[in-house]
Amino acid sequence: MACCFRVCSCLCVRERLRGSGPGGREDLAPPASALRNCFPLLGASLSLTGFSEVVFRKILAPFSSMETRPSALGKVNEYKENQNITCVSLRPVQTTVLGKTPKVFLVPFSLSNYKPDQPKHPKSLLDKNSNNEVACKKCKKTEIRKTCRRILTPRMAATSSKAESTLQKTSLDVYTESDKQQHKSTSDTVILREVDRESSQDLDSDEDTTPGLDEFSGLSPYERKRLKNISENANFFASLQLSESAARLREMIKRRQPPASKRKKPKKRENETGCRRSMRLLKVDPSGVSLPATPTQPTLIEDENPMLPPGPLEMTPENQDADSELFKRFLQTWAEVSKTSGKNTEKDLPNIKSYKANLNGMVINEDTVRKVTKGSVFSVALHPSEIRTLVAAGAKSGQVGLWDLTHQSKEDGVYVFQPHSQPVSCLYFSPANPAHILSLSYDGTLRCGDFSRAIFEEVYRDERSSFSSFDFLGEDASTLIVGHWNGNISLVDRRTPGTSYEKLINSSLRKIRTVHVHPVHRQYFITAGLRDTHIYDTRHLNPRGSQPLISLTEHTKSIASAYFSPLTGNKVVTTCADCKLRIFDSSCISSEIPLLTTIRHNTITGRWLTRFQAVWDPKQEDCIIVGSMAHPRRVEIFHETGKQVHSFFGGECLVSVCSINAMHPTRYILAGGNSSGKVHVFMS
């Protein structure tokens, strides 16, 4: 098999050398008949080795057309015409032998040192054959070489002698021509030999298996080469001994770390003069004598709102001297004041036009604006006297301020008392005795200030609960109803000795903000809770739990207050946090009370302002009074139909929001308190 391919190589060399003569002459080309004489021998060799007829024809195709296409074989590898090449290589032809696919490699060789007696094989071919034989002896894993050796060897023995003789005869003709250009082909031969070595090394690397990877013999050449590179890289990194170097570096770092040393404090010099210090701070007398040490007493944390002791408290003003002549005259004047007139009836009510005219005559000035209490005003009340004007204000700090507007110019007219420790949410003058003022506080106390005796008498006390509001059940002010923040209701009788309740009722509300008694049918009272407003009957109260007669469920947010109309009680006004004032018809207390009017009004006061509470005008029970968040600041009056009747503007005298307002029962006097303790009075 090798001999027949050598013959083909010689013929190809001669075909290539045909155009390498001087001037590109073609007379050196052998005749076609001389080439055809080699075909039978080549065909016989190929038939013995198992080549098919189709492959045989493909090999002989260039030679059969040599006369008509003289440069057919020269176009296999595109070389320049002036390039001197004495050896070429053909592409390998893959054939099928007994079901296996062996690889056949055609290696170029040089004819420069060829001898006719003995065919000279190229060194690269001999080297490759020797390398392949060594690899086959070492590995002996590929079945292709085993099959070729077992089948091809006996068949090629018979034809080897004929092929060698033919090769000697053919190459002898070329020898003379190649001898002339021996000096030119030496460099080309060396280059081709180096190329042959590189190609043979690549092929050997593909054919040979990596040592130590016998179990991967079924892998492709690429995978075997990849595994070989991985093993070589692993050996390289192992030779670097990186883990040992890292261990040595860690030991060196641990050794070099110095022990943590504390900073040494500088030594003080004995003779050094120190800095000057205050003798007052050192508690040393200027003469150098040390002062006696003052005994240290443990500091006690004082409660912001300490609970006042039970029992009556003296009516002592905090802003003035209790022994002053002005305060004594003040107490004597209000102790002599008596009730001057009764309540107005429906016949005495003025019409809306005259009412508006009287409201227009009410003004405010600097003399009618005064700071009465220390903190925010939570409640306001006007004394019913028609001769003198007295305004009372309950503050967040627990103070009760009294302001006499009829005082002389030299007098201040404001007297501040401290009957409670927490906010005073409700304040009324007694309807039976105008010299008494009753105040209720969050601290769980209800007191009555008596001007004639100059004391604050304790009416009701419950330290376990917090009070929110109260009202008089009887016209003589002897019985009271008290609302608690936890939803309970207390009935108190002032005629009973002691400071406890007569009856404690658990209502159906979680919280109670305000309590108000019907002015005509005093067995009914209304309470304002978180979302609902209930009307109860005192004759059907059960201590374990009482159900209301009527529930007003039209409100969507928290309710601030709910009051009956002052003369007949035929209307109910509520103030809700949904920015609406609602007026209900309570002329017939039955299972339901219809809603008459809804007034849109801004009631969002925020955190620092006291919540609005709409109240009725005692003189005109179809009109309500409420504060406003609008600019400029004002106090507004609405009719029960929803129309605005009047707005009180004060200009520079009214620059704040008056959240709590009260109207005099018989005179046209309006008092409003803000969140800084000031009271603004509009009067005609």
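Rules used in this analysis
- Residues numbered from 1 in each chain as written.
- Predicted model: local features only at pLDDT ≥ 70, side-chain atom pairs only at ≥ 80, totals over all residues.
- Heavy atoms only, no water.
- Helix = DSSP H or I, 4+ residues; strand = E, 2+ residues; numbered from the N terminus.
- Contact = heavy atoms within 4.5 Å.
- Areas by Shrake-Rupley, 256 points an atom, 1.4 Å probe, with all protein chains shown as cover.
- Expected span 1.5 Å × (residues − 1).
- Buried < 20%, exposed > 50% of the residue type's maximum accessible area, 1.4 Å probe, protein only.
- Arc of directions from axis to C-beta.
- Pairing = 2+ DSSP bridges.
- Axes fitted to C-alpha atoms, helices over the stretch in contact; angles between N-to-C directions.
- Salt bridge = Lys/Arg side-chain N within 4 Å of Asp/Glu carboxyl O.
- Phe/Tyr/Trp six-rings, centres within 6.5 Å; stacked < 30°, edge-to-face > 60°.
- Lys NZ or Arg CZ within 6 Å of the ring centre and 35° of its normal.

Let's talk about the overall build of the protein
Here is step 1: A tally of regular secondary structure across the protein gives eleven helices and 29 strands.
Here is step 2: Of all intrachain contacts in the protein linking residues separated by at least 6 positions in sequence, the fraction that spans at least 24 positions is 55%.
Here is step 3: Total accessible area computed for the protein in this model is approximately 39,300 Å², and 51% of it derives from carbon and sulfur atoms.

Structural notes on helix 10 (residues 325-336)
Here is step 1: The terminal C-alpha atoms of helix 10 lie 17 Å apart, and with twelve residues this matches the ideal 16 Å at 1.5 Å per residue to within 8%.
Here is step 2: Those residues of helix 10 lying buried are F327, F330, L331 and W334. The buried residues of helix 10 occupy one face: seen down the axis, they fall within an arc of 95°. Turned more than 90 degrees off the buried face of helix 10, the exposed positions are E325, Q332 and E336.
Here is step 3: Residues of helix 10 that are buried sit in contact with strand 4 (390-395), strand 5 (400-404) and strand 6 (414-417).

Focus: unusual backbone geometry
Here is step 1: That bond from H631 to P632 is cis: its omega, -10°, falls within 30 degrees of zero.
Here is step 2: When you line up the elements, P632 lands in the loop between strand 24 (620-627) and strand 25 (634-639).
Here is step 3: With phi around 60°, Q241 is a residue other than glycine that occupies positive phi space.
Here is step 4: With respect to the helices and strands, Q241 occurs in the loop between helix 8 (221-240) and helix 9 (242-256).
Here is step 5: Q241 sits in the partly exposed class, given a relative accessible area of 41%.

Let's talk about the sheet that holds strand 29 (residues 678-683)
Here is step 1: The strand order 2-29-28-27 describes an open sheet built from four strands, whose pairing is antiparallel. Edge positions in the sheet fall to strand 2 (369-371) and strand 27 (660-663), since each has one partner strand and no second. Taking each pair of neighbouring strands and ignoring which way they run, the sheet shows an average axis angle of 20°.
Here is step 2: With five bridges connecting them, strand 28 (residues 669-673) and strand 29 associate as antiparallel partners. Bridge pairing in strand 29 places A671 opposite V681.

Observations concerning the pairing of strand 19 (residues 559-564)
Here is step 1: Taken across its six residues, strand 19 has six buried, putting it largely inside the fold.
Here is step 2: Of the pairings in the sheet, the one linking strand 19 to strand 20 (residues 571-576) comprises five bridges and is antiparallel in character. Paired with S561 across the bridge in strand 20 is T575.
Here is step 3: Between strand 19 and the antiparallel strand that follows it, strand 20, lie six residues; G569 among them carries a positive phi value of about 75°.

Considering the environment of V517
Here is step 1: You can see V517 is positioned in strand 15 (residues 514-517).
Here is step 2: Linking V517 and D471, residues 46 residues apart in sequence, is a C-alpha distance of 6.4 Å.
Here is step 3: Ignoring anything within four residues of it in the chain, the contact list for V517 reads D471, F472, L473, I481, R522, Y524, F525 and F564.

A closer look at helix 8
Here is step 1: A rise of 1.5 Å per residue sets the reference length of helix 8, with its 20 residues, at 28 Å; its end C-alpha atoms lie 29 Å apart and thus fit the reference within 8%.
Here is step 2: Within two residues after helix 8, Q241 carries a phi angle of roughly 60°, on the positive side.

Looking at the pattern of salt bridges
Here is step 1: Enumeration over the complete set of coordinates arrives at twelve salt bridges.
Here is step 2: Among the ionic pairs, R582 bridges to D578, the shortest N-O distance being 2.7 Å. Across this residue pair, the class does not change: R582 and D578 are buried.
Here is step 3: Ionic contacts of the salt-bridge type, sharing partners, join the residues R447, E458, R461 and E463 into one network.

Things to note about the pairing of strand 27
Here is step 1: Burial along strand 27 is two-sided: the residues I660 and A662 and N661 and M663 are all buried.
Here is step 2: Of the strand pairs in this sheet, strand 27 and strand 28 are connected by four bridges, and their pairing is antiparallel. Each residue of the ladder has a partner; that of A662, found in strand 28, is A671.
Here is step 3: Hairpin remark: strand 27 followed by strand 28, antiparallel, with five residues in the connecting loop.

Details of the packing of aromatic side chains
Here is step 1: Per the counting criterion, the structure on display carries 17 aromatic pairs.
Here is step 2: Between Y460 and F467, the aromatic rings sit 4.9 Å apart at their centres with planes inclined by 15°, giving stacked as the arrangement. Here Y460 matches F467 in class, with each residue buried.
Here is step 3: An aromatic cluster is built from F327, F330, Y415, F417, F451 and F456, whose rings are joined through pairwise contacts.
Here is step 4: Positioned above the aromatic ring of W334, the side-chain terminus of R388 is 5.9 Å from the ring centre.
Here is step 5: The residue whose ring lies beneath K619 is Y668, and the NZ or CZ to ring-centre distance is 4.8 Å.

Digging into the sheet that holds strand 14 (residues 503-506)
Here is step 1: Spatially, 11-12-13-14 is the arrangement adopted by the four strands of the open sheet, whose pairing is antiparallel. Of all strands in the sheet, those with a lone pairing partner are strand 11 (467-472) and strand 14, marking the two edges. If you compare each strand with its neighbour and ignore which way they point, the axes differ by 20° on average.
Here is step 2: Bridge analysis of strand 12 (residues 479-484) against strand 13 (residues 488-493) gives five bridges, and the strand direction is antiparallel. Opposite V482, over in strand 13, you have S490 as the bridge partner.

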